[in-house]
Amino acid sequence: MEDRHSVNSPRRILSFSKRRRATLSFLAHDDKAYSGFGPKTSEVYGFVGSITTVVTAVLFLVWTYVPQRWLHAIGIFYYPSRCWALAVPAYTMVTIVLALSFYIGLNFMSTPSTSLNTMFDEFSREPSNPVSSAEGDEQPIEPISDIGIHKINVLMFNNGK
């Protein structure tokens, strides 16, 4: 039987009863507008973004490949020059490559090459010396550790020695 102080709502059941204590819930930022019914706002934004991307790509391909007289025949007279069909993607790719190169260069410049911080940090660990036991016993798995640069050099450059 329903409480006479509660209201049915398609989103939730609200209770105005004095017998129940108020509860405090901490929702994530994305879940504040989400009530349990219908799509989340992030899903709507994703759907609209994907539809916009497809429509924009189709319009770009139509503008690029359809002959000029066909566009004039359907009443489209004002559009950008066709040279931008090559220039915009080329500029975009060059901008992305330059941005990545700039980012990598800034990371190289932020740490000096003579600094030991390029090889060691506060999480570096030297490998522990395992206790040797009889060969028949099972060895435990060693904890994660860093391999020293001298061991790497020996393994890589002293092949036949």
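Up top is the structure these notes are about.
These remarks concern the structure in this document. (Residues numbered from 1 in each chain as written. Predicted model: local features only at pLDDT ≥ 70, side-chain atom pairs only at ≥ 80, totals over all residues. Heavy atoms only, no water.)

**Brief notes about the overall build of the protein**
What the protein contains, in helices and strands, is four helices and two strands. The helix and strand sequence of the protein, counted from the amino end, reads β-β-α-α-α-α. Here the protein holds 161 residues, and the buried ones make up 7% of them. Sequence-distant contacts, at least 24 apart, represent 12% of the contacts inside the protein between residues at least 6 apart. As displayed, the protein has an accessible area near 15400 Å², and 65% of this comes from carbon and sulfur atoms. (Helix = DSSP H or I, 4+ residues; strand = E, 2+ residues; numbered from the N terminus. Buried < 20%, exposed > 50% of the residue type's maximum accessible area, 1.4 Å probe, protein only. Contact = heavy atoms within 4.5 Å. Areas by Shrake-Rupley, 256 points an atom, 1.4 Å probe, with all protein chains shown as cover.)

**Quick word on a nonpolar patch on the surface**
Judged by side-chain polarity, Leu116, Met119, Phe120, Ile147, Ile149, Ile152, Leu155, Met156 and Phe157 come together as a nonpolar surface patch covering roughly 950 Å² of accessible area. Note that Phe120 resides in the loop between α3 (84-110) and α4 (149-157). (Patch = residues over 30% accessible without salt bridge, like charges linked within 9 Å, V, L, I, M, F, W, Y side chains within 5 Å. Salt bridge = Lys/Arg side-chain N within 4 Å of Asp/Glu carboxyl O.)

**Quick look at a negative patch on the surface**
A contiguous patch of negative charge, built from Asp121, Glu122, Glu126 and Asp146, is present on the exposed surface. With respect to the element layout, Asp121 can be found in the loop between α3 and α4. Exposure remark for Asp121: the relative accessible area of 45% places this residue in the partly exposed category. (Lys, Arg positive; Asp, Glu negative; His and termini not counted. Charge placed at Lys NZ, Arg CZ, Asp CG, Glu CD.)

**Concerning the environment of Tyr79**
Take Tyr79: it is sitting in the loop between α2 (68-73) and α3. Classification of Tyr79 by relative accessible area gives buried; the value is 19%. Taking the C-alpha atoms as reference points, Tyr79 and Trp63, 16 residues apart in sequence, are found 8.2 Å from one another. Apart from the residues lying within four places of it in its own chain, the contact partners of Tyr79 are Trp63, Gln68, Leu71 and His72. Polar contacts involving the side chain of Tyr79 include one to the side chain of Gln68, which spans 3.0 Å. A polar contact of 3.5 Å, which involves the side chain of Tyr79, links it to the side chain of His72. (Polar contact = N/O pair within 3.5 Å; in protein donor to acceptor, adjacent residues only side chain to side chain.)

**Side note on the packing of helix α1 (residues 41-65) against α3**
Packed helices, taken two at a time, are described by their axes: the angle between them and the distance between them. Viewed as axis vectors pointing N to C, α1 and α3 meet at an angle of 135°, and their least axial separation amounts to 10 Å. As judged from the angle between their axes, α1 and α3 are oblique. The residues of α3 that touch α1, namely those facing Phe60, Trp63 and Thr64, are Trp84, Ala85 and Pro89. A breakdown of the residues in the contact of α1 with α3 according to their chemical character gives five nonpolar, one polar and no charged. (Axes fitted to C-alpha atoms, helices over the stretch in contact; angles between N-to-C directions. Parallel < 35°, antiparallel > 145°, perpendicular 65-115°, else oblique. Nonpolar A, V, L, I, M, F, W, Y, C, P; charged D, E, K, R; others polar.)

**Description of the nonpolar core**
Grouped together as the largest cluster of nonpolar side chains are five residues: Trp63, Val66, Leu71, Tyr79 and Ala85. Setting aside residues no more than four positions away along its own chain, Val66 makes contact with Leu61, Leu71 and Arg82. (Core = buried A, V, L, I, M, F, W, Y, C linked by side-chain atoms within 4.5 Å.)

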